[in-house]
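# Secondary and tertiary structure notes
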Amino acid sequence: MSTLIEKIASDEAIDAAYQWLCKKRRHYHPNADIWQLRRWWHEKKPILQGQILSGNFQFRELRLIRGEEKSIEWWSSLDALVLKAMTIVLTEHLKPVLSPRCFHLAGNGGLKGAVREVAAHVEELPFAFRTDVKGYYASINHGILMDIVGKYVQDDAVLCLFWGDLRRFVSDGGEYIDITQGISLGCPLSPLMGALFLKPLDDRMAALGCFYVRYMDYWVILAPTRWKLRKAIKATNQVMSELRVVKHPDKTFIGRVARGFDFLGYWFSPAGLGIARKTVERMVENMLRLYEQGAPDERIEASFQRWCRWVKGGIYAKWQGVIKKGGEHAGKVIESFGRAVFVSKPKRSLLSDSLRNCFPDHTSPKNQH
């Protein structure tokens, strides 16, 4: 039987990672390193496989690319390929130990699966606890993550390779920074490690037998009584203390389901499944941004239609009624305002309010967290 490091260096894993990389970076700049890698791939592939098997492969420095809302650490094409090969092999290896309640993992239902699961139980379980980890990727402790990974991966060569991924160094405008905490945003291996890091929480919730749904670092716990909810919250706080992470204060909800709460862009309450206020606001912001960029009417309309399809997609028919009616109402609102709405700030505000009112009984209150 092949070892894990042999599986990572195998033709199957390397070729799959190479195809993924070519597709992912097919629109990169002509001077990007992906084109050099593709040009000489037939020579580079056996060299890369030999370096992985011998333990001589080392990750290069990363480039920090700063955006308006977030910064991304950019991996070289060869490094990204190796990380993807590791992800392919480790996903299969760790699948038996990862919780089926972790919905962001492939095969567990995805975002819409998590939404359906929560919506199906809010009527019968009246108490809710929803939260996420503040600065999740950036707050992950390397030592704790290595201890967790080491429980399920006994191949020293793979652990050494993984440690190189964690203890990376980043080039930021000529300044080199050693990273001693957190995992990389933009690394193909990060979602899997993000799922594994919170496995102690998954295990604790399974032991308590409470209703629990997690999507990356967002999760919801529903309970039949206030006492059982408090017990789950206490267990959650203990696990988070052990992992040295904290809850996001602005994204934590504790109370009765009757008050309503948002999760993954949707609004949950006994009245039915609706759309969260923030989801509508983001859609309006995107439409305004398209106008400011000079996009034609057709593109703005197509953007709105895609948003409507996303909202309704993957939702059971019994919950689609209010969402469908709200989407049709929103479309009429946008059409009635016309393109002139983007010129005037008062009209923009009026458009936002009108869109929010498309779901009057189901859209989240303005100040609800």
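Residues numbered from 1 in each chain as written. Predicted model: local features only at pLDDT ≥ 70, side-chain atom pairs only at ≥ 80, totals over all residues. Heavy atoms only, no water.

### Observations regarding the confidence of the model for the chain
Overall, the predicted model of the chain reaches an average pLDDT of 85, with 85% of residues at or above 70. Scored below 50 in pLDDT, residues 332–347 makes 27 contacts in the model with residues more than four places away or belonging to other chains. Considering only residues more than four positions removed or in separate chains, one finds that residues 359–363, a stretch of pLDDT under 50, has 18 contacts. (pLDDT = per-residue confidence, 0-100. Contact = heavy atoms within 4.5 Å.)

### Side note on the packing of helix α11 (residues 199–208) against helix α12 (residues 226–243)
Following both chains from N to C, one finds α11 and α12 inclined at 155 degrees, their axes separated by 10 Å at the closest point. As summarised for this structure, α11 and α12 are arranged roughly antiparallel, according to the angle between their axes. Both α11 and α12 take part in a crossing whose hand is right-handed. Residue-level contacts link Pro200, Leu201, Arg204, Met205 and Leu208 of α11 to Lys231, Ala232, Ala235, Thr236, Gln238, Val239, Glu242 and Leu243 of α12. Split into classes, the residues belonging to the contact of α11 with α12 amount to eight nonpolar, two polar and three charged. (Axes fitted to C-alpha atoms, helices over the stretch in contact; angles between N-to-C directions. Helix = DSSP H or I, 4+ residues; strand = E, 2+ residues; numbered from the N terminus. Parallel < 35°, antiparallel > 145°, perpendicular 65-115°, else oblique. Left-handed = near helix turned anticlockwise from the far one by under 90°. Nonpolar A, V, L, I, M, F, W, Y, C, P; charged D, E, K, R; others polar.)

### Describing the pattern of salt bridges
This structure, assessed with the given rule, holds nine salt bridges. Residues Asp11 and Lys45 are paired through a salt bridge, measuring 3.4 Å at the closest nitrogen-oxygen approach. A residue pair is termed long-range when its members are at least 10 positions apart, and Asp11 in helix α2 (residues 11–24) and Lys45 in helix α4 (residues 41–54) qualify at 34 residues. Across the pair Glu73 and Arg168 runs a salt bridge whose closest N-O atoms are separated by 2.7 Å. Of this pair, Glu73 sits in strand β2 (residues 71–74) while Arg168 sits in the loop between α9 (156–166) and β4 (169–172); the two residues are 95 residues apart in sequence, bridging distant segments of the chain. Across the pair, exposure class does not vary: Glu73 and Arg168 are buried alike. Salt bridges sharing partners connect three or more residues here, namely Asp11, Asp15 and Lys45. (Salt bridge = Lys/Arg side-chain N within 4 Å of Asp/Glu carboxyl O. Buried < 20%, exposed > 50% of the residue type's maximum accessible area, 1.4 Å probe, protein only.)

### Here we look at the sheet that holds strand β11 (residues 272–275)
Strands sit in the order β9-β10-β11 across an open sheet of three strands; the sheet is antiparallel. Edge positions in the open sheet fall to β9 (261–263) and β11, since each of these has one partner strand only. For this sheet the average axis-to-axis angle between neighbouring strands, irrespective of direction, equals 35 degrees. Bridging between strand β10 (residues 266–269) and β11 involves four bridges; their strand directions are antiparallel. Paired with Trp267 across the strands is Gly274, a residue of β11. (Pairing = 2+ DSSP bridges.)

### A short note on the layout of surface pockets
Taken as a whole, the largest pocket spans an internal volume of roughly 810 Å³. Lining the largest pocket are 27 residues, with Lys70, Tyr136, Tyr137, Ala138 and Leu185 positioned closest to its centre. Residue assignment for the lining of the largest pocket shows that the elements contributing at least two residues are β2, α7 (136–139) and α10 (190–197). Here the second largest pocket is characterised by a volume of approximately 650 Å³. Lining the second largest pocket are 24 residues, and of these Leu264, Gly265, Lys278, Thr279 and Arg282 sit closest to its centre. Elements represented by at least two residues in the lining of the second largest pocket include exactly β3 (127–132), β7 (218–223), β9, α13 (277–292) and α14 (297–312). Grouping the constituent residues of the lining of the second largest pocket by class yields 11 nonpolar, six polar and seven charged. (1 Å grid on protein atoms, 1.4 Å probe; cavity = no way out; pocket = protein on both sides within 12 Å on 5 of 7 lines; lining within 4 Å. Points joined across faces, edges and corners; volume = space filled by probe spheres on them.)

### As for the side chain of Asp132
For Asp132, the location among the structural elements is in strand β3. If sequence neighbours within four positions are ignored, Asp132 has contacts with Asp217, Tyr218, Trp219, Val246, Lys247, His248 and Lys251.

### What to know about the sheet that holds β7
The strand order across the open sheet formed by four strands is β6-β7-β3-β8, and the pairing between neighbours is antiparallel. The open sheet terminates on both sides in strands that have one partner only, identified here as β6 (211–215) and β8 (253–256). Looking at each pair of strands side by side, their axes are set apart by 10 degrees on average, direction ignored. Relative to β7, β3 runs antiparallel, the two being bridged by six bridges. Residue pairing in the sheet places Asp132 in a bridge with Tyr218 of β7.

### A closer look at the environment of Arg259
Take Arg259: it is sitting in the loop between β8 and β9. In terms of polar contacts, Arg259 uses its side chain to reach the backbone carbonyl oxygen of Ile254, at 3.3 Å. (Polar contact = N/O pair within 3.5 Å; in protein donor to acceptor, adjacent residues only side chain to side chain.)

### Details of the packing of helix α5 (residues 77–94) against α10
For the pair α5 and α10, the least separation of the axes is 10 Å and the interaxial angle reads 30 degrees. Of the possible angle classes, the one that applies to α5 and α10 is roughly parallel. Like other packed secondary-structure pairs, α5 and α10 cross with a definite hand, here left-handed. For the pair formed by α5 and α10, the contact residues are Thr87, Leu90, Thr91 and Leu94 on the first element and Leu192, Met193 and Leu196 on the second.

### Considerations on unusual backbone geometry
Its identity is not glycine, yet Met216 carries a phi of approximately 60 degrees, on the positive side. You can see Met216 is positioned in the loop between β6 and β7. Taking relative accessible area as the criterion, Met216 reaches 12% and is therefore assigned buried. The backbone phi angle of Leu264 is positive, close to 55 degrees, even though this residue is not glycine. Note on placement: Leu264 falls in the loop between β9 and β10.

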